[in-house]
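One-letter residues, chain by chain:
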Amino acid sequence: LGSMQTSRSKPCSCPSFKLREVASMYFTMIAVFLVILVVALQGSVPRGSDFPYKVPLDPQGLLELSWNVSYAEQAVNFQLLIRDLQFGLLFGMSDRGEFENADLAVLWSDGSNSYFGDAWSDAKGQLHMDSQQDYQLLGAWRAPEGLYLLFRRAFSTCDPKDYLIEDGTVHLIYGILEKPVHSLQAINISAIHGGLQRVQLLKPNITIPELPSDMKTMEIRAPDVVIPSQETTYWCYMVELPEGFPKHHIVMYEPVITAGNEALVHHMEVFQCAAEFDSFPRYNGPCNSKMKPDRLNYCRHVLAAWAMGAQAFYYPEEAGLAFGGPGSSRYLRLEIHYHNPLVFKGRRDSSGIRLYYTDTLRRHDAGIMELGLVYTPVMAIPPGEEAFVLTGYCTDKCTQLALPAAGIRIFASQLHTHLAGRKVVTVLSRDGRERQVVNSDGHYSPHFQEIRMLKEVVAVFPGDELITTCTYNTQNRSQATVGGFSILEEMCVNYVHYYPQTQLELCKSAVDPGYLRRYFNLVNRFNDEEVCMCPQASVPQQFDSVPWNTFNRDVLKSLYGFAPISMHCNKSSAVQFP
């Protein structure tokens, strides 16, 4: 086993082709004999605190993954608990959670012997032993609850067959082998029971701030909900704060998950309602129900957001998120996404979010600012695009007007698109040069959205620019996808959490509508089919009538890249800065 472990540091040196050939022969001959390991390593169980991050992989909770991150060694240590081991399993990573072109650690048994190896799958899903073994098996032991496997993987291995572990979302995949197999190549991926789980593997290594002694807690939880027997449910529940509830600072929050439902509660958010309404109706039911009062759509200000695999969220010592007091609504909306692919019936749930708050106010109120694109149909994505890019700007003129001379400090970020979003990144630009990445997710999924604490605080000063770029895939669509609020329309947003709070709540852009009209005119001149340009035609109708040939696609890309923009530099009252 010792000979399998190779120390890796960054930058890594890639092995030569001959070395890989030797490695391939070596590992084909001596796949690790797990039966010996299980006996030899019993009793050497690491403490649970050694693996602070934990997530169920499958809806039944048969596979449980725990992990820790070593930034010093540039590696992730995994601990996998298999509660009902049959004849092995596959665990690994891929671009979007597919089993093709995946990077895998495989445990398999031929009925008498068990083996472990680093493998990869090709575009047809056929498995191959990797010539460079980068999943390093560190141990295996049996416990009353099941079999534990302990292994590690470097972030970057220089192996073209391996997945590069980066900041942002990672799509983990798993498969359970229910029959013995005589070789790795004999495993038929299409026939195994498998699935995917999204996590942020590379958690930031942040020192937890000291919490105040006078801290109080408030649990905002679903009231014994019967989880609907369908795959996806968004459940809404209204909560009212006490009359005269004074201003407090939220300093931390964490999930409260009903025992047994850890694999069903996918993500949760607490929203504060708009202060301009004196009251909001009570509601407890599906968010998409026709019975849901329309006024609940005005509860959109995020107070807390949690997604599966996330830990407690802490505010910096010098700032807290204000709630309560004058000018603040007493009404909150809890939204829970239940993911129930096995369609369990009759499961009851009282999950929610526990807020930790104090009336000893901290030095700064924390604020939330929207960056990216305005919700407008003038920003559109043609159908059939694999990677179409749109960019929204928070310009130097806006930050010059709206930010204090000492600047602001961004400490957390929540990226957001609808269903076509694939990548999101925000960068800080100063004096015309990109200086720093604020937040980036190259494997972004609209089904996994959480507020992420940044590895380092980003300072933004008057005159800086914040540029947010989203990449979309519309290969399964036949019509143009326009910007807007509907789930089949698109957004490109980064909600940044910062202090001290300013009046600037929204700093976003879109293409100048006059230049979009010129685009439709140009399309008309160069195409046989006429684009509907009558005065009463809406922008979505005009996009629907565009024939999406290469010319029209390329001109639209150029328009978005070079045309003047319409800038929205808004205060919280929705009034623009002059």
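Starting from 1, residues in each chain are numbered consecutively following that chain's sequence as written. Per-residue local features are limited, in this predicted model, to residues with pLDDT of at least 70; the limit for side-chain atom pairs, both in listing and counting, is 80 or more; totals at the level of whole chains, interfaces and linings are taken over all residues. With hydrogens and water set aside, each side-chain value is computed from the structure's full complement of heavy atoms.

The chain has the name Dopamine beta-hydroxylase in an unreviewed UniProt entry, where Cephalopterus ornatus is given as its organism. UniProt positions are given in the numbering used here, feature names are shortened, and annotations may be inferred rather than shown by experiment. According to the UniProt record, the Cofactor (unreviewed entry) comment for the chain is "Cu(2+)".

Caption draft 1: The layout of surface pockets, seen in detail. The distinction between a cavity and a pocket rests on a 1 Å grid over the protein atoms alone: a 1.4 Å probe fits inside a cavity but cannot get out, while a pocket stays open yet meets protein on both sides within 12 Å along at least five of seven lines, and a residue with an atom within 4 Å of a point counts as lining. Grid points are joined across faces, edges and corners, and a volume is the space filled by probe spheres set on the points. By volume, the second largest pocket amounts to about 530 Å³. Residue lining of the second largest pocket: 25 residues in total, with Lys54, Val55, Pro56, Glu64 and Glu262 positioned closest to the centre. Elements supplying a minimum of two residues to the lining of the second largest pocket: strand E1 (53–56), strand E2 (63–70) and strand E15 (248–256). Taken together, domain 1 (53–199) and domain 2 (206–362) each give at least three residues to the lining of the second largest pocket, which thus spans both. Strands here mean DSSP runs of E at least two residues long; helices mean DSSP runs of H or I at least four residues long; both are numbered from the N terminus. How far each domain reaches was decided by an automatic or database domain assignment.

Caption draft 2: A look at the pairing of E1. Here the rule is simple: two strands pair whenever DSSP picks up at least two bridges between them. Bridge analysis of E1 against E2 gives four bridges, and the strand direction is antiparallel. Counterpart to tyrosine 53 in the pairing with E2 is tryptophan 67.

Caption draft 3: View of the sheet that holds strand E3 (residues 75–82). As summarised here, the arrangement of the five strands in space is E1-E2-E3-E9-E8, forming an open sheet in which the pairing is antiparallel. Unpaired on one side and paired on the other, E1 and strand E8 (136–143) mark the two borders of the sheet. Strand-to-strand, the axes of this sheet are offset by a mean angle of 20°, without reference to chain direction. A fitted line through C-alpha atoms represents every axis, and for helices the fit uses only the stretch in contact; the resulting angles, taken between N-to-C directions, go from 0 to 180 degrees.

Caption draft 4: Representation of the environment of histidine 193. Relative to the helices and strands, histidine 193 resides in strand E11 (residues 193–200). The exposure class of histidine 193 is partly exposed, given its relative accessible area of 31%. Separated by 18 residues in the primary sequence, histidine 193 and glycine 175 have C-alpha atoms spaced 5.5 Å apart. Setting aside chain neighbours within four positions, we find histidine 193 in contact with Tyr174, Gly175, Ile176 and Glu178. Throughout, exposure labels follow a simple rule: accessible area from a 1.4 Å probe, protein chains only, divided by the maximum for the residue type, with under 20% read as buried, over 50% as exposed, and the rest as partly exposed. Any two residues whose heavy atoms approach within 4.5 Å at even a single point are treated as in contact.

Caption draft 5: Inspection of the packing of aromatic side chains at higher detail. Only Phe, Tyr and Trp rings are paired, with Trp represented by its six-membered ring, and only when their centres lie within 6.5 Å; those with planes under 30 degrees apart are stacked, over 60 edge-to-face, the remainder tilted. Tallied over the full model, the rule gives 24 aromatic pairs. Judged by centre distance (5.4 Å) and plane angle (65°), the ring pair of phenylalanine 78 and phenylalanine 91 falls under edge-to-face. Taken as a pair, phenylalanine 78 in strand E3 and phenylalanine 91 in strand E4 (residues 88–94) lie far apart in primary sequence, 13 residues in all. Ring geometry for phenylalanine 543 versus tryptophan 548: centroids 6.4 Å apart, planes at 15°, classification stacked.

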